[in-house]
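Now for the letters of each chain:
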Amino acid sequence: MTDTAALLKRAHELFPDEVVTTAHVRHLDLPLGAGRFALITLDNGFDHTKPTTFGPGSLAKLIEALELVEREAAAGEIAGVGITGKPFIFAVGADLKGVEVLKEHSDALAIGKGGHDVFKRIAALPVPTFAFYNGAAMGGGVEIGLHCDYRTVSTGVPAFSLPECFLGLVPGWGGCTILPNLIGPAKAISVIIENSLSQNRQLKGKQVFDLGIADAIFAPADFLEQSLLWAATVVKGETVVERPEIDRGDAWDQAVAHGRFIADSKVHGAAPAPYRALDIIAAAKNAVPGDVAALQQGFDAEDAALADLIMGGELRSGIYAFNLVQKRGKRPFGAPDKALARPVNKVGVVGAGLMASQLALLFVRQLKVPVVLTDIDQARVDKGVGYVHEEIDKLLGKGRINQDTANRFKGLVSGSLDKAAAFADADFVIEAVFEELGVKQQVFADVEAVVSPTCVLATNTSSLSVTEMAAKLEHPERVVGFHFFNPVAVLPLLEIVRGEQTDDASLATAFGVAKTLRKTGVLVKDAPAFVVNRVLTRFMGEIQAVVDEGTPIETVEKGVEPLGLPMSPIVLIELVGPAIALHVSETLHRAFPDRFHVSENLARVVKAGKRGFYTWASGQQEVDPEVAALLQVGDTVLTPEQVLDRALTAVAQEIALMLDEGVVAEAQDVDLCLITGAGWPFHLGGITPYLDRSGVSERVNGKPFLAPGIASVPA
């Protein structure tokens, strides 16, 4: 047994539940008389809903296929080897379920070495090798193709990426070493660092070709046939692929420096993975194609980085976060039986302002049913409908929809001043009016008088009581909270709030609508500010209190950098709007006066009509002098470390109280909400794994939020 086989056998014993990918070899004659060809198809036996992955058992199957084609190539029986995938899927990389169970550094090292040793055998074949990227390709799926001599890609490929840094890993099966030497370090860093840290941005097939990762591009309908024809011309020498010369001078160093700037701007040094990847890319400057020793040095560095990161907390948090979004997010905990959900064939929207108009656009695009907006005067209604129509035209202009679809969507959106005529046959009516309880109660009273007995009434309130909103209705059981997050089209979270009298049918209908909207529905108890706004307001309240007490804003910003948040708390105030931030803090202060701080300085900023604390007038971010003049602060100055500790202490306490109150079922739901509703990083796992890992949970609450091994290395 070879060393690689022994490594993979040991790894497979640790991961007996692997869904094994088989590497099927079939032989065919290339067109143009180019000779016999061995085509390896990667297939795990399931349809496209269960993508093909590489675990230790899968790599062992690939070895079997490679041993066959190695013998055939050595005997001169084949003229080339190709690798492709099952319908719609090429391969999506290492099986993360296997990574989760690893407990030893040596086992983690085996994962890297095993993959490298198998993929290197492709590069070593004495005949031309081809990767035919027919469908989604990620991580190791991209990297197996990088070990081939040539690559084609389908225009229909919807997702192509090296997402490892997003999760807390590095592209560890050749990505960091080979890709910069194929397309240049700047483009490689865009794929490995920038796209990954931009919420795992994906490339389409055309972009893969334009970057130079693929040498040819064909339409999906006859992709394999065209790829084989192209391969035949390469084998016969009729097509010669010329790749650009890579600048190995200052341009390489500048690209790496720019990559560090991107990593700093995204994670602020808080996650090690992108920096490890950049170190390997920097060293890959010397890995000139054909220099086997230099290439091996890069692979060794990838192995070491993989092993270290697999045994680190950020990766385990990243996998935990990935599983929350992919599994718990799609099967909401505590949701009623979906069979109870009623069909929704028409939607009403009360209000025609910006939020209401965004909701109308979302409903018509995803539900594809009539949507009608109402408001207090015709001008507002016309403006709301006009906004939706303009956004549909923008989608048409970008090629996201065709003319027929645009016409159909526009025809489905209308406005009316007459609620009775507009909503009589609606199945789901959502209000998005001013955040004041009396106003919303009156809106629901008016709507209840004209809708059918089974129509669900939903509120987009961010902090008011759903139970109180429904209290004066004849049928309060039909009212449900349906809280979206801005921007509505981008953030996936929907906090679905069950009032004290909300019935299962209304709740099931709300979850059904959420799924059709492609949103992540999380069941939330009717409690002040629900989940995201409550956690963020407690966090922001401590930050504002620290500033009010005398700590400079610059020190506060530096203090929270280790969290690697998508934006600083001070910038977030500007995004949310100081008036809204103040309103929410006041609402929560009324509910919990001992814990939620209301900043007099923030009130001064709102009164002065300022949009935030910063100005960019000079081209640089700096505290607005006019805002600085408004602030009245004390003389208590904390260090950055003290600022972070204070903020985390408050958050840990608040989450524990929320769990005690049953606001959500488990800590996992808090994390899912922060990831999908506030963009908190995967490497934090939302927040509770970070609080556990840093010891804050134990210190504040006397116990961790999560059991060992859930978002950490198993004991």
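In short, a report on the structure.

This paragraph deals with the overall build of the protein. If you tally the helices and strands in the protein, you get 31 helices and 19 strands. Taking 715 residues into account, the globule formula puts the C-alpha radius of gyration at 27 Å, and the protein, at 28 Å, falls close to it. The principal-axis extent of the C-alpha atoms belonging to the protein is close to 85 × 60 × 50 Å. Out of the 715 residues belonging to the protein, those deemed buried represent 56%. In the protein, the proportion of contacts linking residues at least 24 apart, taken out of those at least 6 apart, comes to 75%.

This next bit is on the pairing of strand β3 (residues 80–85). Counted residue by residue, β3 has six buried out of six residues, so it is predominantly covered. Burial along β3 is two-sided: the residues Gly80, Gly82 and Thr84 and Val81, Ile83 and Gly85 are all buried. Taken together, strand β2 (residues 35–43), helix α2 (residues 56–74) and β3 constitute a β-α-β crossover, and its handedness is right-handed. Pairing geometry for β3 and strand β5 (residues 129–133), over three bridges, is parallel. Looking across to β5, one finds that Gly82 is bridged to Phe130.

Moving on: the sheet that holds strand β6 (residues 136–138). With parallel pairing, three strands are arranged side by side in an open sheet as β4-β6-β8. The open sheet terminates on both sides in strands that have one partner only, identified here as β4 (89–91) and β8 (160–161). Judged from the two bridges that link them, β6 and β8 form a sheet pairing that is parallel. Looking across to β8, one finds that Ala137 is bridged to Phe160.

As a further point, take the state of the cysteines. Taken as a whole and judged by the stated rule, the model has zero disulfides. This cysteine, Cys165, is not joined by any disulfide, and Cys176 carries the nearest cysteine sulfur, 6.6 Å off. With a relative accessible area of 5%, Cys165 lands in the buried category.

Now for the environment of Gly76. Secondary-structure assignment places Gly76 in the loop between α2 and β3. Taking the C-alpha atoms as reference points, Gly76 and Pro126, separated by 50 residues in sequence, lie 9.4 Å from one another.

Looking now at a nonpolar patch on the surface. On the surface, Met567, Leu575, Val576 and Ile580 cluster together to form a nonpolar patch covering roughly 350 Å² of accessible area. Within the secondary structure, Ile580 sits in helix α25 (residues 578–591). The class of Ile580 is partly exposed, set by a relative accessible area of 49%.

Let us look at the packing of helix α22 (residues 532–549) against helix α23 (residues 553–560). Two numbers describe how α22 lies on α23: the axes approach to 9 Å, and their chain directions differ by 145°. Where α22 crosses over α23, the two elements pack in a sense that is right-handed. Across the interface between the two elements, Phe539, Ile543, Val546 and Val547 from α22 touch Ile553, Val556 and Val560 from α23. Its residues assigned to classes, the contact of α22 with α23 shows seven nonpolar, no polar and no charged.

Taken together, the six strands give an open sheet; going across it, the order is β1-β2-β3-β5-β7-β9, and neighbouring strands pair in mixed fashion. Two strands lie at the open edges of the sheet, namely β1 (22–30) and β9 (216–218), each paired on one side alone. Sheet twist, expressed as the average angle between the axes of neighbouring strands with direction ignored, equals 20°. Lying on the sheet, helix α10 (residues 223–235) is in contact with β1, β2, β5, β7 (150–154) and β9; it crosses β5 at an angle near 160°.

In this section: unusual backbone geometry. Geometrically, the link from Asn486 to Pro487 is a cis peptide bond, its omega value of -5° lying close to zero. Structurally, Pro487 can be placed in the loop between β15 (479–483) and β16 (493–498). Here Ala529, not a glycine, exhibits a phi torsion of approximately 65°, which is positive. For Ala529, the location among the structural elements is in the loop between β17 (520–525) and α22.

A few words now on the side chain of Lys519. Mapped onto the fold, Lys519 is located in the loop between α21 (504–516) and β17. Among buried charged residues, Lys519 stands out as having no salt bridge; its nearest opposite-charge side chain is Glu495, 13 Å away. Within the local environment of Lys519, its side chain forms a polar contact with the backbone oxygen of Leu491, the two atoms lying 2.9 Å apart. Residues within four places of Lys519 in sequence aside, it is in contact with Leu362, Phe484, Val488, Ala489, Leu491, Pro492, Leu494 and Ala514.

Counted according to the given criterion, the structure contains 19 aromatic pairs. On the numbers, 6.0 Å between centres and 45° between planes, the contact of Phe363 with Phe428 is tilted. Here Phe363 is found in helix α15 (residues 354–367), whereas its partner Phe428 is found in strand β13 (residues 428–431), with 65 residues between them in sequence. Residues Phe363 and Phe428 agree in their burial class; the two are buried. Aromatic side chains Phe592 and Phe596 sit 5.9 Å apart centroid to centroid with 35° between the ring planes, which places their arrangement in the tilted category. Using a relative accessible area of 13% as the deciding quantity, one classes Phe592 as buried. In this structure Phe596 comes out as buried when scored by relative accessible area, which is 2%. Among the aromatic residues, those joined into a ring-pair cluster are Phe37, Phe130, Phe132, Tyr150 and Trp230. The lysine or arginine in question, Arg595, covers the ring of Phe592, its NZ or CZ lying 4.5 Å from the ring centre.

Scoring rules and cut-offs
- Residues numbered from 1 in each chain as written.
- Predicted model: local features only at pLDDT ≥ 70, side-chain atom pairs only at ≥ 80, totals over all residues.
- Heavy atoms only, no water.
- Helix = DSSP H or I, 4+ residues; strand = E, 2+ residues; numbered from the N terminus.
- Rg over C-alpha atoms; globule rule 2.2 N^0.38 Å.
- Buried < 20%, exposed > 50% of the residue type's maximum accessible area, 1.4 Å probe, protein only.
- Contact = heavy atoms within 4.5 Å.
- Right-handed = clockwise from strand over helix to strand, strands pointing away.
- Pairing = 2+ DSSP bridges.
- Disulfide = S-S within 2.5 Å.
- Patch = residues over 30% accessible without salt bridge, like charges linked within 9 Å, V, L, I, M, F, W, Y side chains within 5 Å.
- Areas by Shrake-Rupley, 256 points an atom, 1.4 Å probe, with all protein chains shown as cover.
- Salt bridge = Lys/Arg side-chain N within 4 Å of Asp/Glu carboxyl O.
- Axes fitted to C-alpha atoms, helices over the stretch in contact; angles between N-to-C directions.
- Left-handed = near helix turned anticlockwise from the far one by under 90°.
- Nonpolar A, V, L, I, M, F, W, Y, C, P; charged D, E, K, R; others polar.
- Lys, Arg positive; Asp, Glu negative; His and termini not counted.
- Polar contact = N/O pair within 3.5 Å; in protein donor to acceptor, adjacent residues only side chain to side chain.
- Phe/Tyr/Trp six-rings, centres within 6.5 Å; stacked < 30°, edge-to-face > 60°.
- Lys NZ or Arg CZ within 6 Å of the ring centre and 35° of its normal.

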